[in-house]
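What follows is the residue order along each chain.
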2 protein chains.
Amino acid sequence: MLDLSSSLQDYLEAILELSEVNSTVRVTDLAKKLNIAKASVSQSISKLVDLNLVQQESYGPIELTSTGREQALKVRRRHRMLRKFLIEILGVKPEIAEKDACKMEHSISPETMDKLVDFLAASEQLPQEEPKMTTQLSQLKKGQTGTVTKIEATGTLRRRISELGVNVGTKITVLGVAPMGDPMEFSVQDYRLSLRKDEASLIRVEVDQ
Amino acid sequence: MLDLSSSLQDYLEAILELSEVNSTVRVTDLAKKLNIAKASVSQSISKLVDLNLVQQESYGPIELTSTGREQALKVRRRHRMLRKFLIEILGVKPEIAEKDACKMEHSISPETMDKLVDFLAASEQLPQEEPKMTTQLSQLKKGQTGTVTKIEATGTLRRRISELGVNVGTKITVLGVAPMGDPMEFSVQDYRLSLRKDEASLIRVEVDQ
DNA sequence: TGAAATTGTTAGGTTAGGCTAACTTTTGAA
DNA sequence: TTCAAAAGTTAGCCTAACCTAACAATTTCA
């Protein structure tokens, strides 16, 4: 694992986020998202290109390399875990949790992160309530919101889903379905997310209301 | 509350720590503790002097002003709380907890810190075991270790004791007693601490072993 | 299709927080 | 009491990450 500065990690994470919403990621998008001057973004991107984490031809769009994507996913995973912890365990307000997670993600060691994940897992097991009626996420209609009760995917897909911020307890809303019924577009914790229908069918949710 | 950079906060905290162990704090001590070149320390101290947080005549020892001391105590309180949280709640190893707390203390918002303190307080109340035999901390002999069960001090003194890192559950060891029986010298969480005998008598402990 | 608007880059500057080397002041031991 | 070692300061430099201003490339659309 490379030793990236916090700032560069933030760039990677932002590129990842944007690439899931927009078809191309451009300097201007990043500048707006991170609230940094275009010129500064441009310079930082050059650094990331030198590090082989990002590809960009002059004046062209920005794309993560596979190493870059890997790094970005790790960063985001930490970010989301931390936020989840702050919100669900400590009861910090979401806006503040978001900001703090953003800053803390850079100072927390892998060991502590692991313990934090353990703690989250343990606390999720505790409240054993009566079984609820659940459906596949893919069954929800546009506009409906559900709370994830179980992730039936395994292996890489399970990990990926988790990295995308979808975990037991997460609220997820259907934003829309593509013309052919696939993929589906969701909103999770303020992020947009696309999943293929067969992927969504491996996530069980309890429909809200 | 001033808006100090993390680095300057670290200096303040280190000065406070050193001032409790040494009679005077010098540039060299700080340089060694923080692992930073003397020249850099010297410069940073000038900044702190400009900010009225530290007093120093040229070539003389370093002393916190009252504002500086206040700031330093706040920083240390956050540091210790975080470390305590990492160790006691998450079960992170002390060495790692120490390092992480050091870095995280600068990125955590007051709101989150409050929640964290609440959480610690709540988790301390849960395990209600049978009452134990306790004594006043002032009754311990040199070399004995006790676990704090109650702090009977109130108001400012109570706050001060807590800021010094002494809280319910804290292990505290008697390092020695001054010739006249006062003050007493303790070791708490790797720090040295002096308390007057009458202050120590307001802390109840359960003797270890 | 070509000028205006948008997007991206370059040049040059700032600040914080480090560093080394060279200097000055203080201290303490012969 | 004097002078070498230790302690502290100053000068000058570096890097990361930001900035603005000016310039270059690319789109867009009239």
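A brief report on the enclosed structure follows.

**Thoughts on the packing of helix α1 (residues 6–21) of chain B against helix α3 (residues 38–50) of chain B**
Residues and elements named next belong to chain B.
For step 1, the next point in the chain: Two elements in contact, α1 and α3, have axes separated by 10 Å at closest approach and are oriented at 95 degrees. One way to sum up the angle between α1 and α3 is to call them roughly perpendicular. In contact with L8, Y11, L12 and I15 of α1, α3 contributes S40, V41, S44, I45 and L48.
For step 2, the next point in the chain: A breakdown of the residues in the contact of α1 with α3 according to their chemical character gives 7 nonpolar, 2 polar and no charged.

**Considering the side chain of E13 of chain B**
For step 1, the next point in the chain: Within the secondary structure, E13 of chain B sits in helix α1.
For step 2, the next point in the chain: In contact with E13 of chain B, other than residues within four places in its own chain, are A72, V75, R76, H79 and E105 of chain B.

**Focus: the relation of the copies chain A and chain B**
For step 1, the next point in the chain: Least-squares fitting of chain A to chain B yields an RMSD of 0.3 Å, with the superposition described by an axial translation of 0.1 Å and a rotation of 180 degrees. On the angle and the small slide along the axis, the relation comes out as a two-fold axis. Residue M104 of chain A, judged by its C-alpha, is the member of chain A lying nearest the rotation axis, at 3.1 Å.
For step 2, the next point in the chain: A share of 100% of interface residues in chain A that are also interface residues in chain B marks the association as one of identical surfaces.

**A short note on the sheet that holds strand β3 (residues 135–136) of chain A**
Backbone hydrogen bonds hold the strands of a sheet together, and the pairing may be parallel or antiparallel.
Residues and elements named next belong to chain A.
For step 1, the next point in the chain: Read from one edge of the open sheet, 6 strands run β3-β8-β4-β5-β6-β7, paired in antiparallel fashion. Of all strands in the sheet, those with a lone pairing partner are β3 and β7 (191–195), marking the two edges.
For step 2, the next point in the chain: The pairing of β3 with strand β8 (residues 203–207) spans 2 bridges and is classified as antiparallel. Its bridge partner lying in β8, Q136 is registered against R204.

So, how was this worked out
Residue positions within a chain follow its written sequence, with the count starting from 1. Here every chain gets a letter starting at A, and every ligand a number starting at 1, in the order they are written. With pLDDT at 70 or above as the cut-off, local features in this predicted model cover only qualifying residues; side-chain atom pairs require 80 or more to be listed or tallied, and sums for whole chains, interfaces and linings still use all residues. Where side-chain values are given, they derive from all heavy atoms of the structure, hydrogens and water being excluded. Between N-to-C directions, angles span 0 to 180 degrees; the directions come from axes that are lines fitted to C-alpha atoms, helices contributing only their stretch in contact. We count a stretch as a helix when DSSP gives it H or I for four or more residues in a row; a strand needs E for two or more, and each element gets its number in order from the N terminus. The cut-offs work like this: below 35 degrees is roughly parallel, past 145 is roughly antiparallel, 65 to 115 is roughly perpendicular, and the gaps in between are oblique. Two residues form a contact once any of their heavy atoms are found within 4.5 Å. Gly falls in the polar group here, along with every residue not listed as nonpolar (Ala, Val, Leu, Ile, Met, Phe, Trp, Tyr, Cys, Pro) or charged (Asp, Glu, Lys, Arg). The superposition of copies rests on a least-squares fit of C-alpha positions from residues with pLDDT of 70 or more in both. Each pair of strands is called paired provided DSSP finds at least two bridges between the two strands.

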